[in-house]
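Breakdown of the fold
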Amino acid sequence: MAEQFDLIVIGAGSGARYGAQKAARDYGAKVALIERTRWGGSCPNVACKPTKAYLVVADLLHDINTIAERLGIEVGHARANLAKIKARKDSLIKPQEKWVEDLNGAGFATVEGEATLVDAHTVRVGDEELQADRILIATGSRTAVPPVDGIEDVGWIDHVDALELTELPESLLVLGGGAVGLEFGQTFARFGSKVTIVDALEQIAPRADPAATAELAAALEEEGIEIVTNTFVKSTRREGGEIVAVLAPRDGSVERELRAAQLLLASGRVPNVEELNLEEVGVETTKLGIAVDEHLRTSVEGIWASGDVTAVAQFTPIAQYQARIAVDDMFGAEASADYDALPTVIFTDPELAQLGLTEEEAREQGFDADSVRHDLKYVQRASYTDSKHGLYKLVFDARTRRLLGVHIVSRGASDIVQGLAVAMKLGATVDDLARAHHAFPTFGEGVKAAAEQAAAKVKT
Ligand SMILES: Cc1cc2nc3c(=O)[nH]c(=O)nc-3n(C[C@H](O)[C@H](O)[C@H](O)COP(=O)(O)OP(=O)(O)OC[C@H]3O[C@@H](n4cnc5c(N)ncnc54)[C@H](O)[C@@H]3O)c2cc1C
């Protein structure tokens, strides 16, 4: 007889755990979690948390080597010891046994292995079958391998492998200029690798406002990172200890060869769906992931999906948010997802933080969009670190004055947009930001300085 549960959660990542906790706490549900690779999922083991541990080290190294002396600190050249940096990072990661102990302690059944759907209420793991009225698929995503000739034979690495390196590669080719590529690119450049970031699109951070992206690109290039956009990696081959990549510009101009000790893939994610038997059970998918509605329901009654596997927005807080909506919905409470005023951040130095719409998106959505901009170099706080590249750009509706988008490139940008997300959610206007008091000297004051410029743009 299959063991019965109120809820089976497939995957034990960020979304899964929040969903399971909510189901048990708010609805008294008996919950089983199934995990095939890592208890805790990506974020705490191989994504958000360890990468930010590396970024903190990279930023400190950079500050010691580039500004310490100018600030009057007498210190020699600092060098990264990757084996020690990795060991420190590993010490911050919760051991797998502890995850299982904590999950069991919270009252969840934990089942190790790969889950396959048998029908809308039955899941198989190895020889075992589990049954429940409700199933939440929270199986996440993995690194996409782009269609590049020879890529399977060169021994590429992704973020999981990069976090296991104990010797610094002399050079690193990063394929993909999104958040993962940029964060790893800058980290390894600051550790001492020669880094080139290649992207087929027109700009790095493709979803960001172009003005913000340009500032970030300038900051990265100034510290020696080569950024190559509008260019495909056409083929790769191994020659001795090196990987040789052929870079082909999209405009058909001359191709070039680039040699690197390591190739890091960061050009996208694919959903973990292959083993789930979705087609057989009738769960619809798109090219990007499992199709869900605003309640996180899939096309099959009794099955919900949340997190990266839905490809709505691949961030930890979204995985957690969606799981909570799904759980409320499955236990009969009113709940639907709303992604307005969503803050997102690329944790480079300077950080690129974004909230709401770009100017172009605002126009496409029919707003009478206007914008104001204040540059980081005019903010007092930036002078202490000689920070030159960065901005504060506010997008607003010229008619209603409502704030539609915030784009910040600055140290501390992640914390600044966090607060402004509340203001945007409450319907703040650009004039509300201009009138608000601010603390001095802060990086956040650039927002007010930008907002004050909007007064000159009142439409009558
Ligand atoms: C390098 C990197 C850095 C990132 N940094 C940030 C950041 O700073 N901030 C942020 O918000 N987001 C960040 N993200 C994104 C974030 O990690 C993901 O959005 C989040 O972890 C998704 O959670 P999830 O629960 O959907 O999936 P996951 O945490 O990936 O969990 C899914 C789990 O399901 C398991 N699984 C899959 N298939 C099966 C199966 N058939 N049976 C059983 N188990 C299965 C997997 O093994 C996995 O453990 C980063 C991502 C990367 C790659």
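What comes next concerns the included structure. (Residues numbered from 1 in each chain as written. Predicted model: local features only at pLDDT ≥ 70, side-chain atom pairs only at ≥ 80, totals over all residues. Heavy atoms only, no water.)

With that settled, the discussion passes to the overall build of the protein. The number of helices and strands found in the protein is 15 helices and 21 strands. What you see for the protein is a C-alpha radius of gyration of 24 Å, in line with the 23 Å of a compact globule of 460 residues. Seen through its C-alpha atoms, the protein measures out along the principal axes to roughly 70 × 65 × 50 Å. For the protein, with 460 residues in total, the buried portion stands at 52%. (Helix = DSSP H or I, 4+ residues; strand = E, 2+ residues; numbered from the N terminus. Rg over C-alpha atoms; globule rule 2.2 N^0.38 Å. Buried < 20%, exposed > 50% of the residue type's maximum accessible area, 1.4 Å probe, protein only.)

Right, let's talk about the site of the ligand for a bit. The environment of the ligand is made up of 37 residues, and the closest members are E35, S42, K52, A115 and D308. In this structure, a nitrogen atom belonging to the ligand sits 3.3 Å away from a main-chain N or O atom of R36. Between A115 and the ligand, the recorded distance is 2.9 Å, taken from a backbone N or O atom to a nitrogen atom. With the chains in place, 93% of the 1000 Å² that the ligand exposes on its own is no longer accessible. Elements that contribute at least two residues to the shell around the ligand include exactly α1 (14-27), β2 (31-35), α2 (42-46), α3 (48-66), α7 (179-191) and α10 (316-330). (Near = heavy atom within 4 Å. Polar contact = N/O pair within 3.5 Å; in protein donor to acceptor, adjacent residues only side chain to side chain. Areas by Shrake-Rupley, 256 points an atom, 1.4 Å probe, with all protein chains shown as cover.)

With an omega of 0°, the peptide bond running from D349 to P350 counts as cis. Along the chain, P350 turns up in the loop between β17 (343-346) and β18 (351-356). The omega angle of the peptide bond from F440 to P441 is -10°, so this bond is cis rather than trans. Along the chain, P441 falls in the loop between α14 (430-435) and α15 (445-452). Positive phi, normally seen in glycine, also occurs at N230, with a value near 55°.

Moving on: a nonpolar patch on the surface. Together, L71, I73 and V75 line one region of the surface with nonpolar side chains, adding up to about 260 Å² of accessible area. In this structure V75 comes out as partly exposed when scored by relative accessible area, which is 43%. (Patch = residues over 30% accessible without salt bridge, like charges linked within 9 Å, V, L, I, M, F, W, Y side chains within 5 Å. Salt bridge = Lys/Arg side-chain N within 4 Å of Asp/Glu carboxyl O.)

On to α3, then. When the terminal C-alpha atoms of α3 are compared, their 26 Å separation across 19 residues agrees well with the 27 Å that a helix rising 1.5 Å per residue should span. Among the residues of α3, P50, T51, A53, Y54, L55, A58, L61 and H62 are the ones counted as buried. Looking at the buried side of α3, the elements it contacts are α2, α4 (82-91) and α7. (Expected span 1.5 Å × (residues − 1). Contact = heavy atoms within 4.5 Å.)

So, about the state of the cysteines. Scanning the entire structure with this criterion turns up one disulfide. Residue C43 pairs covalently with C48 via a disulfide, S to S 2.3 Å. Between C43 and C48, the disulfide has an S-S torsion of -135° and is therefore left-handed. (Disulfide = S-S within 2.5 Å.)

With that settled, consider the pattern of salt bridges. On inspection of all chains with the given rule, the structure shows 40 salt bridges. Salt-bridge contacts for E114 lead to R36; the nearest nitrogen and oxygen are separated by 2.9 Å. With E114 in the loop between β3 (109-112) and β4 (115-119) and R36 in the loop between β2 and α2, this residue pair connects regions lying 78 residues apart in the sequence. The shortest N-O distance in the salt bridge between E183 and K52 comes to 2.8 Å. Here the residue E183 occupies a position in helix α7, and K52 occupies one in helix α3, the gap between them amounting to 131 residues. Linked by salt bridges that have partners in common, D59, D63, R190, E223, D349 and R411 make up one network.

A few words now on the side chain of D375. By the secondary structure assignment, D375 is in strand β19 (residues 369-375). Only 2.7 Å separates the side chain of D375 from the side chain of R373, close enough to count as a polar contact. Among residues more than four places away in sequence, those in contact with D375 are G390 and L391.

Here four strands make up an open sheet; going across it, the order is β10-β9-β8-β14 and the pairing parallel. Each edge of the sheet is formed by a strand with only one pairing partner; in this case those strands are β10 (226-228) and β14 (262-265). Neighbour to neighbour, the strand axes of the sheet diverge by 20° on average, direction disregarded. Bridge count for strand β9 (residues 194-198) against β10 is three bridges, and the pairing is parallel. Directly across from V198, in β10, lies its bridge partner V228. Relative to the sheet, α7 contacts β8 (171-175), β9 and β14, its axis offset from that of β9 by approximately 165°. (Pairing = 2+ DSSP bridges. Axes fitted to C-alpha atoms, helices over the stretch in contact; angles between N-to-C directions.)

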